[in-house]
Amino acid sequence: SFGADGRVAEIPQLPPSASMPPSACLDVIATSEWAGMVWVNLDPDGRGLPVLDELADPAFRMIRIGAIDYTTSAPVIIDNNTDATHIAHVHVGSFGADQDPRIPVSTATRTEFGLRIESPEMPVARTPSDPRPGTRRASTEIWLPFVQITRLHYSDGTTHVLLKGCCPVDDDRTTVHLTVLRDDLDEPDPVDEIVDCELTVEQEDRAILDTVPGGFPLAPRLQSHIKHDRPGIVYRQALGAHVGHPGS
C-alpha cells in the first residue's frame, strides 16, 4: 500500500519496522474535486483550476448535467463552441428556432488562460423565464486546452453559466463533463427541465460533430473561414502556442 505522496507505506512480506525500498513508489498526479468534477493536472508546472466566481455566489445554484460521449476530438468540440453561426441550423429543435443566421460578428482576444469571446446581443426563441422570444448575449472563456466557461445573459435578467470540460479519451473520442449554474432557481421543480434541455442541445451538437474527423488543423489557412470564424481562428492560434506549434 502507498501513502498520498506515492511512497510505499507497507509491503505484506516485511515487518512494519523494516525499511521500505525508496524505488517502490508511485508517480503522483495532482487532482482536485471542484464544481462537481474531478480535475487532473498532468503538468506540475501548469496553471491551476479555472476561475468561476458564481460558485461562491449564493444567488447561483449548481446543476450537474452529466457526461456526454462524443466520437470526435476535444478541440473539434471546443471549436464548435466558439462558433455562434451554427445555432440557427444545428439547434433549430431547441433554442435556435427561428433565429436569423445572419448574426453579428463575435470578438475574440487572447488571455493568460487562453481566450475570451464576446458575442453581441442576438434573438432567441425563448428565455429561461418566458416562453416568448427574447434576446441574449454571451461571454465565453476558453481555458486551454479544453475547458469552456460560457455566461449567457438573457433579456429577462437571467444569467445561465455553462462549465464544460472536454476530456480526451483518445484522438477520436471525447467525454464532455457539463455543469450549469443559474440564478433564477428558487424551487427544485425546473431542474429536470434544465437537465433535459442541456442534454438535448448536446445531442444536437453530437449528431453533427460525431461525423467530423478528429484531426484538428491548427494552421488557419488549411480551412476556409469568413469573418464570423474569428473566434475559431484565435482558438487555433492559442492552442497552437500552448502545444508549441510553429507560427502560433
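Scroll up for the structure.
Computed from a predicted model, the values in this text were never measured in an experiment. All chains use their own residue numbering, which begins from 1 and follows the written sequence. Side-chain atom pairs in this predicted model are given and counted only at pLDDT of 80 or more, local residue features only at pLDDT of at least 70, and totals for whole chains, interfaces and linings cover all residues. Hydrogen atoms and water are omitted, and side-chain values are computed over all heavy atoms in the structure.

## Some remarks on the overall build of the chain
Part 1 of the argument: Counting from the N terminus, the helices are DSSP H or I runs at least four residues long and the strands are E runs at least two residues long. When helices and strands are counted, the chain shows four helices and nine strands.
Part 2 of the argument: Counting from the amino terminus, helix and strand elements in the chain follow one another as β-β-β-α-α-β-β-β-β-β-β-α-α.
Part 3 of the argument: Dimensions along the principal axes, computed over C-alpha positions, put the chain at roughly 75 × 50 × 30 Å.
Part 4 of the argument: Expressed as a percentage of the 248 residues in the chain, the buried residues total 42%.
Part 5 of the argument: Here the Shrake-Rupley method, with its probe set to 1.4 Å, supplies the accessible areas, and only the displayed protein chains count as covering residues. With the model as given, the accessible surface of the chain reaches about 13,700 Å², and the carbon-plus-sulfur share is 53%.
Part 6 of the argument: Positive charges come from Lys and Arg alone, negative charges from Asp and Glu alone, with His and the N- and C-terminal ends not counted. The atoms used to mark charge sites are NZ of Lys, CZ of Arg, CG of Asp and CD of Glu. Treating the 20 positive side-chain charges of the chain as one cloud and the 37 negative ones as another, the clouds have centres 7 Å apart. Burial status follows relative accessibility: with a 1.4 Å probe on protein chains alone, a residue under 20% of its type maximum counts as buried, one over 50% as exposed, and anything between as partly exposed.

## A look at the pattern of salt bridges
Part 1 of the argument: A pairing counts as a salt bridge when a side-chain nitrogen of Lys or Arg comes within 4 Å of a carboxyl oxygen of Asp or Glu. Tallied over the entire structure, the rule returns nine salt bridges.
Part 2 of the argument: Measuring nitrogen to oxygen at the nearest pair gives 3.7 Å for the salt bridge that ties Arg7 to Asp5.
Part 3 of the argument: In this structure, Glu202 engages Lys164 in a salt bridge whose closest nitrogen and oxygen atoms are separated by 2.7 Å. Pair noted here: Glu202 is in helix α3 (residues 190–209) and Lys164 is in strand β8 (residues 159–170), with a separation of 38 residues, a long-range link.
Part 4 of the argument: Each of Glu54, Arg116, Glu141 and Arg151 takes part in a single network of salt bridges with overlapping partners.

## A few points about the state of the cysteines
Part 1 of the argument: What counts as a disulfide here is a pair of cysteine sulfur atoms lying within 2.5 Å. For the structure shown, the criterion picks out zero disulfides.
Part 2 of the argument: Free of any disulfide, Cys166 has its nearest neighbouring cysteine sulfur in Cys167, separated by 9.2 Å.
Part 3 of the argument: By relative accessible area, Cys166 is classed as buried at 5%.

## Here's the deal with α3
Part 1 of the argument: Helices are assigned an expected span. That span is 1.5 Å times one less than the residue count. With 20 residues, α3 should reach 28 Å at 1.5 Å per residue; the first-to-last C-alpha distance of 29 Å fits that figure.
Part 2 of the argument: Buried within α3 we find Val191, Ile194, Val195, Glu198, Val201, Glu202, Glu204, Asp205 and Leu209.
Part 3 of the argument: In what follows, residue pairs with any heavy atoms lying within 4.5 Å of each other are defined as contacts. In this fold, the buried residues of α3 make contact with β3 (61–70), α1 (74–81), α2 (87–90), β8 and β9 (173–182).

## Considerations on the sheet that holds strand β6 (residues 134–143)
Part 1 of the argument: Here, a strand pair is defined by DSSP locating no fewer than two bridges between the strands. Within the open sheet, the seven strands sit side by side as β3-β9-β8-β7-β6-β5-β4. Their pairing is antiparallel. Across the chains shown, the open sheet's two edge strands, defined by having one partner strand only, are β3 and β4 (107–110). For this sheet, the mean inter-axis angle between neighbouring strands, taken without regard to orientation, is 15 degrees.
Part 2 of the argument: Inspection of the sheet shows strand β7 (residues 147–154) paired to β8 by seven bridges, in the antiparallel sense. In the sheet register, Gln148 faces β8, and the bridge partner there is Lys164.
Part 3 of the argument: Taken strand by strand, α1 contacts β3, β6, β7, β8 and β9, and its axis lies near 160 degrees from that of β8.
Part 4 of the argument: The sheet contacts of α3 involve β3, β8 and β9, and relative to β3 the element is tilted by about 25 degrees. Under this scheme, a helix contributes an axis fitted over its contacting stretch, all axes are lines through C-alpha atoms, and angles between N-to-C directions fall in the 0 to 180 degree range.

## A short note on the environment of Glu204
Part 1 of the argument: Mapped onto the elements, Glu204 comes out in helix α3.
Part 2 of the argument: On the basis of relative accessible area, Glu204 is assigned to the buried category, the value being 16%.
Part 3 of the argument: Once you skip the residues sitting within four places of it in the chain, Glu204 turns out to touch Val90, His91, Gly93 and Ser94.

## So, helix α4 (residues 230–242)
Every α-helix winds through 3.6 residues per turn, so residues three or four apart in the chain are directed the same way.
Part 1 of the argument: When the terminal C-alpha atoms of α4 are compared, their 18 Å separation across 13 residues agrees well with the 18 Å that a helix rising 1.5 Å per residue should span.
Part 2 of the argument: For α4, every residue scored as buried is listed here: Pro231, Gly232, Ile233, Val234, Tyr235, Arg236, Ala238, Leu239 and Gly240.
Part 3 of the argument: After α4 finishes, the residue Gly244 shows a positive phi value of roughly 80 degrees.

## Some words on the side chain of Thr159
Part 1 of the argument: The residue Thr159 is located in strand β8 in this model.
Part 2 of the argument: Residue class for Thr159 comes out buried when judged on its relative accessible area of 12%.
Part 3 of the argument: Of note is the side chain of Thr159, whose polar atom sits 3.3 Å from the side chain of His153.
Part 4 of the argument: In contact with Thr159, other than residues within four places in its own chain, are Phe60, Leu152, His153, Leu181, Arg182 and Asp183. Polar contacts, as counted here, are pairs of nitrogen or oxygen atoms within 3.5 Å of one another; within protein the pair requires one atom able to donate a hydrogen and one able to accept it, and residues that are adjacent in sequence qualify only if both atoms are side-chain atoms.

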